Amino acid sequence: MPNHNTEKQWTPKIVAFFCNWCTYTAADLAGVSRIKHAPNIRVIRVMCSGRVDPQFLLDAFAKGADGVLIGGCHPGDCHYIEGNYKCLRRFQLLQKMTTDMGIEPDRLRLEWISASEGDKVRVVVNDMVSKVTKLGPLGLPDKFKSWDEEMKIFEHSIEEKEVFEHV
Amino acid sequence: MSEKPKIALYWCASCGGCEESVVDLAEDILFVVDNVDIVLWPVGLDFKKKDVEAMPDGSIVASLINGAIRTTEQEEMARMLRRKSQVVIAYGACAQLGGIPGLANQFSLETILKFVYEEAPSVVNELKTRPLERFKDNGRTTELPGLWNVVRTLDQVIDVEYYIPGCPPSPKLLKEAVLALLSGHLPPVGTVLAPDIALCEECSKKDTKPTDLKFESFKRTHLWEVDPEKCLLSQGFLCMGPATRSGCGALCVEGNMPCTGCYGPTSRVRDQGAKFLSSISSSIGADSVEDIDKILVGIPDPVGTFYRYGLPGSMLKRKVVL
């Protein structure tokens, strides 16, 4: 398994898409209330969980995220009425697809966290970090590189052959 | 004899349908032959690899290469044609996005070879013989191309200037591309030579597409009768029209078969499968986890459905654990 931080012990990188109206505010509240949680998440604020395009999530994985967390308003509470329902439907189909592609279901997570639930941010983040830590690195950028190693070997043999033919 | 611009046509991991589409030019092929010299076309004409190798670098105006890249031979030919050509066009869905052969990226090479040479129901192979890359007999060595573990799009192996999408591309697109090459008025490098709008725009059933789609279930065409007058999505069939580039003339939909997405995404979309997945699933007519799951039973193979022509060119490229 490739290890990103060879010096230190590996810890997961988790990209979190939090909706502006609920989960982002909750994360803010957690900060203001000095609630401590694992530092492994990189939060990206979106206006609504319904704005989270599945392309964002795949791109996060492809660029090196070990897990992706989406946080939105509780069902019925969406600022835009039904953005979170759209997010839920997309999430369920996407998780089915990514599981088929070999990405463990625990690496992709959707949680409803309202603006007042600062402590739920801590619980969810800590739980996800511990689950993803157990799974180990996903390391897609390294995998892409190692898949392309085989091309280098062939490139080399082709070059040799061409030199030979041109003589 | 006057010098006509030279064109090469080559195939890699493909079915031959793209070659058919060249023949489908019908009378227009006479126009093509009048205006260009074909210097390589293994399917149609007897030119040798060494003839092309003997040509100076950059002497071919354009190479149209179809098929994904899976073998060392395909890579070698692609790289050779790259050197000899001013412009390389990835021709067809396999060269552009990986195509149907790209679905093999869900399995390891060993799984595929084991099935094909040992386990397939139609195979009798008690000695478990498999082809060798090198075989010596009477002092002579026979070589076969090596297989890669990964199926790649053409532009993952060599630089590509333009793309002509489709499985296969329509003869109209090919003719337009040849005309553009002859006129020298070429679009910016990286352009897909097809209209940059979604298929729904040119669909004759467009007017019956509701603004608010709601899927109560997903239907499959072999189990349900299609109403030829109505938008296929509104009937519950998975038609990839909203997430697929137009240019085919909506051939499948006119034949009452849903679009399967062979023309790839428009320029605004990076990952066609993810985008279509997004568009379809957000219109599921259920709000709870259980009810959504019940409806999703109608999509038993999301990878094969959404990435039918584009797995190697997608963001994830290949199954992660193989």
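Residues numbered from 1 in each chain as written. Chains lettered and ligands numbered in written order. Predicted model: local features only at pLDDT ≥ 70, side-chain atom pairs only at ≥ 80, totals over all residues.

Structural notes on the sheet that holds strand 9 (residues 162-164) of chain B
Residue and element names in this part refer to chain B. Rules: By definition, two strands form a pair when at least two bridges between them are found by DSSP. Secondary structure elements follow DSSP: runs of H or I of four or more residues count as helices, runs of E of two or more count as strands, with numbering from the N terminus. To get an axis, a line is fitted to the C-alpha atoms, and for a helix only the part in contact is used. The angle between two axes follows their N-to-C directions and goes from 0 to 180 degrees.
The strand order across the open sheet formed by five strands is 2-1-3-5-9, and the pairing between neighbours is parallel. Edge positions in the sheet fall to strand 2 (37-40) and strand 9, since each has one partner strand and no second. Averaged over neighbouring strand pairs, the angle between their axes works out to 30 degrees when direction is ignored. Looking at chain direction, strand 5 (residues 85-91) and strand 9 are connected through three bridges and run parallel. Each bridged residue has a counterpart across the sheet, and for Ile-89 the counterpart in strand 9 is Tyr-162.

Some thoughts on the domain arrangement of chain A
Interface size, as often reported, equals the accessible area lost upon joining of the parts. Rules: The split of the chain into domains comes from an automatic or database domain assignment.
Domain annotation for chain A reports domain 1 (14-136) and domain 2 (139-167). Placing a centre on the C-alpha atoms of domain 1 of chain A and another on those of domain 2 of chain A gives a separation of 39 Å.

Notes on the interface of chain A and chain B
The line we're drawing: Residue pairs qualify as contacts under a 7 Å threshold applied to their C-beta atoms, which are placed from the backbone. Gly falls in the polar group here, along with every residue not listed as nonpolar (Ala, Val, Leu, Ile, Met, Phe, Trp, Tyr, Cys, Pro) or charged (Asp, Glu, Lys, Arg).
Between chain A and chain B, the contact holds 28 residues from the first and 32 residues from the second. Of all elements in the fold, only helix 2 (54-62), helix 3 (83-100) and helix 5 (140-166) of chain A reach the threshold of two or more residues within the side of chain A that touches chain B. The element that contributes the greatest number of residues to the side of chain A that touches chain B is helix 3 of chain A, accounting for 11 residues. Split by residue class, the side of chain A that touches chain B holds 16 nonpolar, three polar and nine charged.

What about the packing of helix 2 of chain A against helix 9 (residues 272-281) of chain B?
The geometry of helix 2 of chain A relative to helix 9 of chain B is characterised by a closest axis approach of 8 Å and an angle of 145 degrees between their N-to-C directions. On helix 9 of chain B, the residues touching Pro-54, Gln-55 and Leu-58 of chain A of helix 2 of chain A are Ala-274, Lys-275, Leu-277 and Ser-278 of chain B. Residues that form the contact of helix 2 of chain A with helix 9 of chain B fall into these classes: four nonpolar, two polar and one charged.

What about the environment of Asp-119 of chain A?
Tracing the sequence through the fold places Asp-119 of chain A in helix 4 (residues 118-135). Separated by 34 residues in the primary sequence, Asp-119 of chain A and Ile-153 of chain A have C-alpha atoms spaced 53 Å apart.

What to know about the domain arrangement of chain B
All names here are of chain B. Along its sequence, chain B is carved into domain 1 (6-100 + 149-183), domain 2 (108-147) and domain 3 (199-306). Using C-alpha coordinates to define each centre, domain 1 is positioned 31 Å away from domain 3. Each partner contributes to the interface: domain 1 provides eight residues, whereas domain 3 provides seven residues. Among the elements that line the side of domain 1 that touches domain 3, the one with the most residues is helix 5 (residues 93-97), at three residues. For the side of domain 1 that touches domain 3, the per-class residue count stands at five nonpolar, three polar and no charged.

A closer look at helix 2 of chain A
So the rule is basically this: Counts of 20 or more other C-beta atoms within 10 Å of a residue's own C-beta define buried residues, counts of 12 or fewer define exposed ones, and intermediate counts define partly exposed ones; C-beta atoms are placed from the backbone.
Considered for burial, the residues of helix 2 of chain A that qualify are Pro-54, Gln-55, Leu-57, Leu-58, Ala-60 and Phe-61 of chain A. Where helix 2 of chain A terminates, the next one or two residues include Gly-64 of chain A, which has phi positive at roughly 120 degrees.

Quick word on the pairing of strand 1 (residues 6-11) of chain B
Look at any regular strand and the pattern is simple: side chains alternate between the two faces of the sheet. All names here are of chain B. Counting buried positions over the six residues of strand 1 gives six, a clear majority of the element. The side-chain alternation of strand 1 yields two buried faces, one formed by Lys-6, Ala-8 and Tyr-10 and the other by Ile-7, Leu-9 and Trp-11. Taken together, the three bridges between strand 1 and strand 2 define a ladder with parallel strand orientation. Paired with Ala-8 across the two strands is Leu-40, which belongs to strand 2. Direction of pairing for strand 1 relative to strand 3 (residues 60-66): parallel, over a ladder of five bridges. Across the sheet, Ala-8 pairs through a bridge with Ser-63, a residue of strand 3.

Comments concerning the environment of Phe-56 of chain A
Relative to the elements of secondary structure, Phe-56 of chain A occurs in helix 2. Placed 89 residues apart in sequence, Phe-56 of chain A and Lys-145 of chain A show a C-alpha to C-alpha distance of 21 Å.

Digging into the sheet that holds strand 1 (residues 14-19) of chain A
All names here are of chain A. The parallel open sheet is built from four strands, whose spatial order is 2-1-3-4. At either margin of the open sheet sits one strand with a lone partner, and together these are strand 2 (41-46) and strand 4 (108-112). For this sheet, the mean angle separating the axes of adjacent strands, direction not counted, is 20 degrees. With six bridges connecting them, strand 1 and strand 2 associate as parallel partners. Bridge pairing in strand 2 links Val-15 to Arg-42. This element, helix 2, spans strand 1, strand 3 (67-72) and strand 4 of the sheet and lies at about 150 degrees to strand 3.

Describing unusual backbone geometry
In this structure, Pro-168 of chain B follows Cys-167 of chain B across a cis peptide bond, with omega equal to -5 degrees. Within the fold, Pro-168 of chain B resides in the loop between strand 9 and helix 7 (171-183). A positive phi angle, close to 55 degrees, is found at Arg-34 of chain A, a residue other than glycine. Looking at the element boundaries, Arg-34 of chain A is found in the loop between helix 1 (23-32) and strand 2. Of note in this structure, Asn-138 of chain B is not a glycine but carries a positive phi near 55 degrees. Here Asn-138 of chain B is to be found in the loop between strand 6 (134-137) and strand 7 (140-143).

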